[in-house]
Amino acid sequence: MGQQLELWKQQGHQILLFADANSNVYDGILAKELQQDEIRMADVCEAVLGHKSPNSHASGSLPITGVFATGDLLAQNVFQSAHGYALGDHRVFVIDFDLVQLLGPEYSQLVRLPGRKLQAKRYRIRKAYNKSLRDNIRRHKLTEKYHRLYQRHHTMTDSEISLEINKLDKLKMEFMRCAESKCKKKCAGKLPCSPKVSYWFKRLRLFDRIRKHKVNPLPDPRNLFRACTRLSRDCTQMQILQPQEYTLAEVDARILSIKDQIELLKPITPELRTAHISSKRDEALEARNKKKAQELTNMLEREELRGCYREIKLTTSKGRGSKVFSVEAENADGSRTSITSKEEIEQVAGQTIGERYRLAYSAPIMSNNKLLQDVGFSGDGPAVEAISRGEYTFPTGTDPYTELLMLEAAVLFSSLGEQGIDDWVHSHDF
């Protein structure tokens, strides 16, 4: 490891190392190696806190866990938890570094991971997950393979044992991922899921696959042929032929037709979803499966509340936009400069936003004192009603586009008739 760290240091890289050294991080073997002139890495906690770290293990007396960094990386804050703060018997370390120091001013945007299908609090999902995992272990005889490895491990070298264990562990991990993908059906689309909606989306996905096959033929398209046969059997309202019987233009026409049908279904998809879950609940009640019926009833209630509060949550909650790490400022000569420090970003952003909110002062109406006095800065002047009726006489020198805009306002108000616009929101509106 020391040779690798030395190589990285020679290549000009900044290094951040978190290590469970099993020895004192200040005078142990690892500490002495990191303090060599070729590496020169220091403990971050001591540099920030001003004193050495306490014992790392709950039953130990020495600091055996540490965070080391090269001199270019400067931590802002350090937190070391008490024992028992989280899982495990070591302290939890939280180190606050400047992200620009670690990744530079330009880096890929962080993407939120999709939610997992496996939800341990749901009995039905746990049962489906365990069944799929047990079936795969039994089908591929994984337990027997572990047992055979245990029987002959004394005839193998350590590297061979590690290789075989890693193979079996990788196989088990694949079984776990397979079980998680099958334990629950998750509709990730923008429309509420129901059989009729799924019916059209299956067609859309199939014709997208056919189009890709037409543009770039698959080496072995038998799975695509079987998918066409299976969907043609399940969906009797639209005949689906094999890919070789379509031209590319016909496939594009089918895709457009399906998308139009999905657009027509959009307004009624919530009702279709509710009707589907209600029918499943009625079937469970007829079969005297009270537990499943109660789960479906709870699902209906949750989805109804989610629909009621979605708009309110989007309006009142904080935006999910990523944080600003750099901005570009325009110089007097037209060139642009990238700014990365917090103080300069706030200063430039404040100036830009201030100028944007003061654009109204440069509007043409501000240069016409008579028109501004008649209309009022807040649009509540004595001439507003005359403008809305189209009876206002514009003073000399009025900007022609401002005059056209106010004449268009009169047309809009005339289309309302006698109906007024209430600018108050009352409780009965909700």
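Scoring rules and cut-offs
Residues numbered from 1 in each chain as written. Predicted model: local features only at pLDDT ≥ 70, side-chain atom pairs only at ≥ 80, totals over all residues. Heavy atoms only, no water. Helix = DSSP H or I, 4+ residues; strand = E, 2+ residues; numbered from the N terminus. Rg over C-alpha atoms; globule rule 2.2 N^0.38 Å. Areas by Shrake-Rupley, 256 points an atom, 1.4 Å probe, with all protein chains shown as cover. Buried < 20%, exposed > 50% of the residue type's maximum accessible area, 1.4 Å probe, protein only. Salt bridge = Lys/Arg side-chain N within 4 Å of Asp/Glu carboxyl O. Pairing = 2+ DSSP bridges. Contact = heavy atoms within 4.5 Å. Core = buried A, V, L, I, M, F, W, Y, C linked by side-chain atoms within 4.5 Å. Patch = residues over 30% accessible without salt bridge, like charges linked within 9 Å, V, L, I, M, F, W, Y side chains within 5 Å. Lys, Arg positive; Asp, Glu negative; His and termini not counted. Charge placed at Lys NZ, Arg CZ, Asp CG, Glu CD. Axes fitted to C-alpha atoms, helices over the stretch in contact; angles between N-to-C directions. Left-handed = near helix turned anticlockwise from the far one by under 90°. Nonpolar A, V, L, I, M, F, W, Y, C, P; charged D, E, K, R; others polar. Parallel < 35°, antiparallel > 145°, perpendicular 65-115°, else oblique.

Enquirer: I'd like to hear about the overall build of the protein chain, residue by residue, with values.
Expert: Looking only at helices and strands, the protein chain has 16 helices and seven strands in total. Taken over the C-alpha trace, the protein chain has a radius of gyration of 34 Å; the compact-globule value for 430 residues is 22 Å, which it surpasses by more than 25%. C-alpha atoms of the protein chain, sized along the principal axes, occupy 100 × 70 × 50 Å. For the protein chain, the exposed surface amounts to about 31,900 Å²; the carbon and sulfur share of it is 53%.

Enquirer: Go over the environment of L285 with me, naming the residues and quoting the values.
Expert: Structurally, L285 can be placed in helix α11 (residues 269–286). Residue class for L285 comes out partly exposed when judged on its relative accessible area of 48%. Separated by 124 residues in the primary sequence, L285 and I161 place their C-alpha atoms 54 Å from one another.

Enquirer: Describe in detail the pattern of salt bridges, supporting the description with residues and values.
Expert: Scanning the entire structure with this criterion turns up 11 salt bridges. Residues R222 and D220 are paired through a salt bridge, measuring 2.9 Å at the closest nitrogen-oxygen approach. Given the relative accessible area of 42%, D220 is considered partly exposed. E283 is the salt-bridge partner of K280, the closest N and O atoms lying 4.0 Å from each other. With K280 and E283 both in helix α11 and three residues apart, the pair spans about one turn of that helix. Under the relative-accessibility criterion, E283 is labelled partly exposed at 45%.

Enquirer: Could you give an account of the sheet that holds strand β1 (residues 16–20), with specific residues and numbers?
Expert: Strand order across the open sheet formed by three strands is β1-β3-β2, with antiparallel pairing between neighbours. Of all strands in the sheet, those with a lone pairing partner are β1 and β2 (42–43), marking the two edges.

Enquirer: Describe the pairing of strand β6 (residues 327–330), with residues and values.
Expert: Of the pairings in the sheet, the one linking β6 to strand β7 (residues 336–339) comprises four bridges and is antiparallel in character. When the sheet's bridge partners are listed, E328 is paired in β7 with S338. Between β6 and β7, which pair antiparallel in sequence order, lie five residues; one of them, G334, sits at a positive phi of approximately 95°.

Enquirer: Please provide a residue-by-residue account of the environment of Q14, values included.
Expert: Tracing the backbone shows Q14 in the loop between α1 (2–10) and β1. Given a relative accessible area of 39%, Q14 falls into the partly exposed group. The residues contacting Q14, other than those within four sequence positions of it, are T70, D72, L73 and Q101.

Enquirer: Explain the nonpolar core to me, using residue names and the numbers behind them.
Expert: L206, F207 and I210 are the most contacted members of the largest nonpolar core, which totals 20 residues. Elements with a minimum of two residues in this core: α8 (195–215), α9 (222–234) and α10 (248–265). Looking at which element gives the most residues to this core, the answer is α8, with seven residues. Residues within four places of I210 in sequence aside, it is in contact with L224, C228, P243 and V251.

Enquirer: Please provide a residue-by-residue account of a positive patch on the surface, values included.
Expert: A surface patch of positive charge is lined by K121, R302, R306 and R310. Its location among the elements puts K121 in the loop between α4 (99–103) and α5 (123–139). With a relative accessible area of 74%, K121 lands in the exposed category.

Enquirer: Please set out the side chain of T70 residue by residue, giving values where relevant.
Expert: Residue position: T70 is located in the loop between β3 (65–69) and β4 (75–80). For T70, a relative accessible area of 3% puts it in the buried group. Once you skip the residues sitting within four places of it in the chain, T70 turns out to touch K9, Q14, I15, R40 and M41.

Enquirer: An account of the side chain of R273 is needed here, citing residue identities and associated values.
Expert: Locating R273 in the fold gives a position in helix α11. Among the residues examined, R273 registers a relative accessible area of 18% and is labelled buried. With residues near it in sequence (within four places) discarded, R273 still touches P192, C193, S194, M299 and E303.

Enquirer: How would you explain a nonpolar patch on the surface if you had to name every residue and give the values?
Expert: A cluster of nonpolar side chains, namely L16, L102 and L103, defines an oily patch on the protein surface of about 260 Å² accessible area. Within the fold, L16 resides in strand β1. Given the relative accessible area of 42%, L16 is considered partly exposed.

Enquirer: Tell me about the packing of α5 against helix α7 (residues 158–182), and name the residues and values.
Expert: Where α5 meets α7, the closest approach of the two axes is 8 Å, and the angle between their N-to-C directions is 140°. α5 and α7 meet at a crossing whose hand is right-handed. Taken together, the residues of α7 that come into contact with α5 (itself represented by Y129, S132, L133, N136 and I137) are F175, M176, C178, A179, E180 and K182. Looking at side-chain class alone, the contact of α5 with α7 contains seven nonpolar, two polar and two charged residues.

Enquirer: Which residues make up the packing of α8 against α9, and what are the values?
Expert: Running from N to C, α8 and α9 cross one another at 150°; their axes reach a closest spacing of 11 Å. On the basis of the axis angle, α8 is roughly antiparallel to α9. Of the two possible hands of crossing, α8 and α9 adopt the one that is left-handed. Counting all contacts with α8, which are made through K202, R203, L206, R209, I210 and H213, the residues of α9 involved are N223, L224, A227, C228 and L231. For the contact of α8 with α9, a count of residues per class yields six nonpolar, two polar and three charged.

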